[in-house]
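# Analysis of the macromolecular model
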Amino acid sequence: MDKLRRVLNGHEDEERGLTAQVLDTSSLSFGTRVKWFAICFVSGIVCSILGSALLWIPGAGIKLFAVFYTIGNIAALASTCFLMGPLKQLKKMFEPTRLIATIVMLLCLVCTLCSVFWWQKKGLALLFCILQFLAMTWYSISFIPFARDAVIKCFSSCLN
């Protein structure tokens, strides 16, 4: 809207570079980012719940569960791209504090699907789904300051 006002008033910035102009036209507004974050995140939760409900279907239930649960986790992970942008998301994912959780999470996503479709091991698929959940949880709480320390303290006090 501001750019339209500048053009109509005759105050267009011609000294701005082409890259800056392209980034301005392709970026989403904050409201749009939040809306798509919510849509993507809720879709991920719905897919995960749907996958859990489909687990009890005889025969193909485990395959449907693994696919929907994995799609749900990918959608939930992709939802944060709308808030911070895909490049910043990738940079944050592979920071040293999150590197192990990210690698375990991505490996579990792939291994879940491999164990269902190629290896035909239902128990292994369930194990990878559980590991997916744990890795995604650990990855998610890494964005909250001191949350991982609090979780470690809580579990260590429970075990002692």
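Basis of the calculations
- Residues numbered from 1 in each chain as written.
- Predicted model: local features only at pLDDT ≥ 70, side-chain atom pairs only at ≥ 80, totals over all residues.
- Heavy atoms only, no water.
- Helix = DSSP H or I, 4+ residues; strand = E, 2+ residues; numbered from the N terminus.
- Buried < 20%, exposed > 50% of the residue type's maximum accessible area, 1.4 Å probe, protein only.
- Lys, Arg positive; Asp, Glu negative; His and termini not counted.
- Salt bridge = Lys/Arg side-chain N within 4 Å of Asp/Glu carboxyl O.
- Contact = heavy atoms within 4.5 Å.
- UniProt positions renumbered as here; feature names shortened; annotations may be inferred.
- Axes fitted to C-alpha atoms, helices over the stretch in contact; angles between N-to-C directions.
- Parallel < 35°, antiparallel > 145°, perpendicular 65-115°, else oblique.
- Left-handed = near helix turned anticlockwise from the far one by under 90°.
- Nonpolar A, V, L, I, M, F, W, Y, C, P; charged D, E, K, R; others polar.
- Core = buried A, V, L, I, M, F, W, Y, C linked by side-chain atoms within 4.5 Å.

## Structural notes on unusual backbone geometry
- Within the chain, glutamine 120 stands out as a residue other than glycine whose phi angle is a positive 55°.
- Note on placement: glutamine 120 falls in the loop between helix H6 (99–117) and helix H7 (122–141).
- Relative accessible area serves as the criterion here: at 51%, glutamine 120 is assigned to the exposed category.
- One non-glycine residue, phenylalanine 146, lies in positive phi territory at about 65°.
- Looking at the secondary structure, you find phenylalanine 146 in the loop between H7 and helix H8 (147–159).
- Phenylalanine 146 sits in the exposed class, given a relative accessible area of 67%.

## Topic: the side chain of arginine 148
- In this structure, arginine 148 sits in helix H8.
- We note that arginine 148 is buried and unpaired, the nearest opposite charge coming from aspartate 149 at a distance of 6.4 Å.
- Other than its neighbours up to four places away in sequence, arginine 148 contacts Thr97, Trp138, Ile141 and Ser142.

## Digging into the UniProt feature "transmembrane region" (unreviewed entry) in the chain
- Under the UniProt annotation, the feature "transmembrane region" (unreviewed entry) is placed at residues 36–58, 64–87, 99–119 and 125–147.
- In the segment residues 99–119, helix accounts for 90% and strand for 0%; the C-alpha atoms at its two ends are 27 Å apart.
- Helix makes up 78% of residues 125–147 and strand 0%, with an end-to-end C-alpha separation of 29 Å.

## Topic: the packing of helix H3 (residues 30–54) against helix H4 (residues 61–84)
- Here H3 crosses H4 at 165°, and the two axes come no closer than 7 Å. Of the possible angle classes, the one that applies to H3 and H4 is roughly antiparallel. Our pair here, H3 against H4, has a crossing hand that is left-handed.
- Residues of the contact of H3 with H4, tallied by class, amount to 17 nonpolar, nine polar and one charged.

## Some words on the nonpolar core
- Among the nonpolar cores identified, the biggest contains eight residues, and these are Ala76, Leu77, Met93, Ala101, Met105, Ala135, Met136 and Tyr139.
- Contributions of two or more residues to this core are made by H4, H6 and H7.
- Among the elements that line this core, the one with the most residues is H7, at three residues.
- Contacts of alanine 101, omitting those with residues within four sequence positions, involve Ala135, Trp138 and Tyr139.

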